[in-house]
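# Notes for the structure review
For reference, the chains in residue letters:
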Amino acid sequence: MENGRMSSRSSVDDGDLRRQGEAELLEKDTTEHHVPEPPSRAGFGWASFWIAVNTLATIGIVFTNKAIFSDPSLKLAQLTFAAFHFFMTWLLLYVLSRPYFAYFVPRRTTIWEVVPLSVAMSLNVILPNLSLAFSSITFYQVARILLTPTVATMDFFLYHTTLPVNAIMALIPACVGVGMVSYYDSRSTDDANVKTTSSLGVIFAFSGIFASSLYTVWIKSYQRKLQISSMQLLFNQAPVSAFLLLYVIPFVDTFPPWPEVPLNRWFMILMSGMFAALINLSQFFIIGQTGPVSSTVVGHLKTCLIVSLGWLTSGRSVGDKSIVGVFIAVGGIISYSVVMLRYAARGAK
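Read on for an overview of the structure. The structure displayed is predicted, hence computed values, not measured ones.

### Looking at helix α11 (residues 230–252)
- For α11, spanning 23 residues, the distance from its first C-alpha to its last is 30 Å, which sits close to the expected 33 Å at 1.5 Å a residue.
- Along α11, the largest kink reaches about 40 degrees and is centred on L246; proline P250 follows within four residues of it.

### A look at the nonpolar core
- F86, Y215, L233 and L245 are the most contacted members of the largest nonpolar core, which totals 57 residues.
- When residues of this core are assigned to their parent elements, the largest contribution, 11 residues, is made by helix α6 (residues 111–133).
- Formed by 21 residues, the second largest nonpolar core is a distinct cluster that contains I145, A205, A329 and I333.

### Observations concerning the packing of aromatic side chains
- This structure, assessed with the given rule, holds 15 aromatic pairs.
- Where Y100 meets F101, the ring centres are 4.9 Å apart and the plane angle is 85 degrees; that geometry is what we call edge-to-face.
- Among the residues examined, Y100 registers a relative accessible area of 73% and is labelled exposed.
- Connected via pairs of aromatic rings, a cluster forms that spans F87, W90, Y94, F104 and F235.
- The lysine or arginine in question, K75, covers the ring of F134, its NZ or CZ lying 4.7 Å from the ring centre.
- A cation over an aromatic ring shows up here: R98 above the ring of Y94, its NZ or CZ 4.2 Å from the ring centre.

Cut-offs used in this document
- Residues numbered from 1 in each chain as written.
- Predicted model: local features only at pLDDT ≥ 70, side-chain atom pairs only at ≥ 80, totals over all residues.
- Heavy atoms only, no water.
- Helix = DSSP H or I, 4+ residues; strand = E, 2+ residues; numbered from the N terminus.
- Expected span 1.5 Å × (residues − 1).
- Bend = angle between axes of the 7 residues up to and from the residue.
- Core = buried A, V, L, I, M, F, W, Y, C linked by side-chain atoms within 4.5 Å.
- Buried < 20%, exposed > 50% of the residue type's maximum accessible area, 1.4 Å probe, protein only.
- Phe/Tyr/Trp six-rings, centres within 6.5 Å; stacked < 30°, edge-to-face > 60°.
- Lys NZ or Arg CZ within 6 Å of the ring centre and 35° of its normal.

All we've got here are geometric facts, nothing functional implied.
The following block contains the structure:
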């Protein structure tokens, strides 16, 4: 279970490229704290089960959140929704830290130590959710590909970390593809059945990418500074994030008349929280049993599935020009992953 993933389960993210960068942190976490193995069915079948759970839950949370945010009465209650997910994240971590499970040992930090990271965590969830509310699912998911080049750029300027030339070259078409999707998906259309992305959706998407990238970079820095694992860090910052939002919610969120919210919407909100818990739990087992390569493949699989399903439900035709950008962006980020995995394999020899 990784920081990024758990924090964002309302942000889906998925195909979330941030998870790839945190795979190493999770592996270190399981090693340092001697996490017990899952039940005796551990192996290929058990890993496949958790991969299937993770994939279905990620797809489920994207489309469930999109349905929730499509309701005008709930679209502007983003901070409340984020606070709910932070609570679900903390609750799951609390259960996993109990002696019966003992997946990690809690370690307390002071509130002031994690306040900046908690603010970044909140923006990391709220801005992508706003992007999802004002964008098509296809654009939302493809735009998240920019997390990788943005994190690489921040690492370069902050820590002077460089990438192989081949990896940089692979990121160029990924960025071009996202630009193409942004342009064509935000164009107005005469067909009312075609789902498009508004200007606000584009602004929230790129703002969310910056916030998510900063959050990803800070996670590594805070772990080194505080000398704690990813799960211990998230266990401290999740409740702080929720608590901070409580001070802002009354001034920012627009609440619907709660008695008038349909029962199916409440069910969707509950399902969103359950999907978040399943994603967090399954990602933990995937990393622990299969390693970063399989986690990367699973991430790309989810990206492709969400983009494909989003396209099928968008009302766009196969000949729409934005699909070219989708293929270029996805192809570029997959090429980047291949280059980096080979580079890591050579470095391990």
